[in-house]
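# Overview (structure and organization)
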Amino acid sequence: MSTQLATSWPYLRLYALAFLFFSANAILNVIVPIRSESMGASNTMIGIIMGTYMLTCMLFRPWAGHIVHKYGAAKVLRVLLIINGGALILYTVTGLHGFIVARLLQGASTAFFSMALQIAIIESLSDEQRSQGVSLYSLFTYMPTIVGPLIALGIWGWGGMQAFTVTMIAIAVITGLFGYRTRIDHVSSGREEEKTGQGVLKAVSKLVRQPDLLICSVLMFAASVVFGSVAFFIPLYVNQVEYGNAGIYFMLQAGVIVLSRFMFRKRVPSDGKWHPRFVSGIMLLAAVAAMLLSISATAGPLFLYLAAILMGIAQAMLYPTLTTYLTFVLPTSSRNIMLGIFIASADLGVSLGGVAMGPIADLMSFSVVYMLCSCIVIITAGLAVLYNKRLNRYV
């Protein structure tokens, strides 16, 4: 087992690569909905376009874990960087249907990228350092969203498509060059994983029989529906809030995410035990944030930005907490594949935050969307406590 710290130089290079890779998303999450709306797309169509990205991630993640384990992170990384670069450029030369193709390509490359880096971090760090490594990785993936939305609005308002095109090409080239020069050793636990198809199918079939994986997946799914609906529709919803600004909202939320993950990275439980109050508390923060969003159209911008703060805290803490817990309790022989399924549940939730909530926004309103999201999270927050009672029966 490696004795390196999660803050040592080799890992800092991986975090920096994650920062570059996800920097495009911070811009695309603002510009694509705005541009799509200007091209006549409905909320339903915008939800489909935006949701396609995470839906593709969901489909590929369970397979990505094994493929990365088999062929090595470095080889997989070089291929996906090319695919991702092509997707970024495609955004600049196509319309609504091309956006869907670009989201498909970007989603597939993201699935393999995130699994490659997370597997390298998880399998090479000691148990004591693992939660910090996962938290820091997540931290660097969110850092671009601090200023990315404001940059996106500035790019669109100042130079339109020309500035957007130059920005996407620059991000694709810089990320590709940095990624090719970043060394990622293929780290293995020393145990053979199951064959890809057989392993994924077995892992899926065991989902309902693996209570740890099931509860974490359900909680992550429910919270991710909220996270997705925020990411996809806030650029449009803020037009209904007097003095509301999408750039300020995203900058505030991302800033809280980054600050929380840095300040509380050592607070994330790394003992392999289930902490029901901690987990349910995080879920309730997300529920309250969604409720504040729901009423901000009439209550004003103060509620909008308070929601950003609470949402940021919830988003910062939930994923590292659940991921770290699973790395301790899942069977080592199929851990990578099962982690892929867990992350896929988050991808599915984010995707449905756009695909399922878009039609609701068309039929009713964004306020109804966020109130519905709040109710979903409140219900699932209770599962964290109920699951603890189940565990206590076997102690």
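Residues numbered from 1 in each chain as written. Predicted model: local features only at pLDDT ≥ 70, side-chain atom pairs only at ≥ 80, totals over all residues. Heavy atoms only, no water.

## As for the overall build of the chain
- Counting secondary structure elements, the chain contains 14 helices and zero strands.
- Helices (α) and strands (β) of the chain occur, in sequence order from the N terminus, as α-α-α-α-α-α-α-α-α-α-α-α-α-α.
- In the chain, of all internal contacts separated by at least 6 residues, the share reaching a separation of at least 24 is 84%.
- Summed over all atoms, the accessible surface of the chain reaches about 15900 Å², with 68% contributed by carbon and sulfur. (Helix = DSSP H or I, 4+ residues; strand = E, 2+ residues; numbered from the N terminus. Contact = heavy atoms within 4.5 Å. Areas by Shrake-Rupley, 256 points an atom, 1.4 Å probe, with all protein chains shown as cover.)

## Points about unusual backbone geometry
- With a phi close to 65 degrees, Y243 is a non-glycine residue in the positive phi region.
- For Y243, the position within the fold is in the loop between α8 (211-237) and α9 (246-263).
- Residue Y243 is classed as exposed on the basis of its relative accessible area of 69%. (Buried < 20%, exposed > 50% of the residue type's maximum accessible area, 1.4 Å probe, protein only.)

## Description of the nonpolar core
- Counting residues in each nonpolar core, the largest one holds 122 residues, and the members touching the most others are I234, Y249 and W274.
- Element by element, the count of residues in this core is highest for α8, at 17 residues. (Core = buried A, V, L, I, M, F, W, Y, C linked by side-chain atoms within 4.5 Å.)

## Some thoughts on the packing of α8 against helix α12 (residues 335-355)
- Look at α8 against α12: their axes get within 6 Å of each other, and the N-to-C directions meet at 35 degrees. As α8 packs across α12, the resulting crossing turns out to be right-handed. Contact residues: α8 offers L213, C216, S217, M220, F221, S224, V225, G228, S229, F232 and F233, while α12 offers M338, I341, F342, S345, A346, L348, G349, V350, S351, L352, G353 and G354. (Axes fitted to C-alpha atoms, helices over the stretch in contact; angles between N-to-C directions. Left-handed = near helix turned anticlockwise from the far one by under 90°.)

## Some points on the confidence of the model for the chain
- Mean pLDDT over the chain: 82, with 89% of residues reaching 70 or higher.
- When mean pLDDT is compared element by element in the chain, helix α10 (residues 276-299) scores highest at 92, while helix α7 (residues 196-205) scores lowest at 55.
- Note on residues 186-194: pLDDT under 50 across the span, and 26 contacts to partners over four residues away in sequence or across chains. (pLDDT = per-residue confidence, 0-100.)

## Quick look at empty space enclosed by the protein
- Inspection of every chain in the model, using the stated rule, returns five cavities of 30 Å³ or more.
- Volume-wise, the largest cavity comes out at about 820 Å³.
- If you go around the largest cavity, you meet 35 residues; those closest to its centre are F22, M54, Y142, Q315 and V350.
- With six residues, the top contributor of residues to the lining of the largest cavity is α8.
- Across the lining of the largest cavity, the residue classes tally to 19 nonpolar, twelve polar and four charged.
- Taken together, P269, S270, D271, G272, K273, W274, H275, V279, T321 and Y325 form the lining of the second largest cavity. (1 Å grid on protein atoms, 1.4 Å probe; cavity = no way out; pocket = protein on both sides within 12 Å on 5 of 7 lines; lining within 4 Å. Points joined across faces, edges and corners; volume = space filled by probe spheres on them. Nonpolar A, V, L, I, M, F, W, Y, C, P; charged D, E, K, R; others polar.)

## Overview of α9
- End to end, α9 covers 25 Å across 18 residues, agreeing with the expected 26 Å (1.5 Å per residue, within 8%).
- Taken as a whole, α9 has its buried residues at A246, G247, Y249, F250, Q253, A254, V256, I257, V258, S260 and R261. (Expected span 1.5 Å × (residues − 1).)

## Considerations on the packing of aromatic side chains
- If you walk through the whole model with that rule in mind, you get twelve aromatic pairs.
- With a centroid separation of 5.3 Å and 75 degrees between ring planes, the pair formed by F21 and F22 is classed as edge-to-face.
- Since its relative accessible area comes to 12%, F22 is described here as buried. (Phe/Tyr/Trp six-rings, centres within 6.5 Å; stacked < 30°, edge-to-face > 60°.)

## Comments concerning helix α4 (residues 96-124)
- Its 29 residues give α4 an end-to-end C-alpha distance of 42 Å, which sits within 8% of 42 Å, the value for a rise of 1.5 Å per residue.
- For α4, the buried fraction is high: 25 of the 29 residues fall into the buried class.

## Observations regarding the side chain of T323
- In this fold, T323 is placed in helix α11 (residues 301-329).
- Looking at T323, its side chain comes within polar contact range of the main-chain oxygen of Y319, at 2.8 Å.
- In contact with T323, other than residues within four places in its own chain, are V134, L339 and F342. (Polar contact = N/O pair within 3.5 Å; in protein donor to acceptor, adjacent residues only side chain to side chain.)

## Regarding the environment of M357
- As for its placement among the helices and strands, M357 is situated in helix α13 (residues 357-363).
- Spatially, the C-alpha atoms of M357 and V225 are 8.7 Å apart, while their sequence positions differ by 132 residues.
- Beyond its immediate sequence surroundings of up to four residues, M357 is in contact with V225, S229, F233, L352, V369, L372, C373 and I376.

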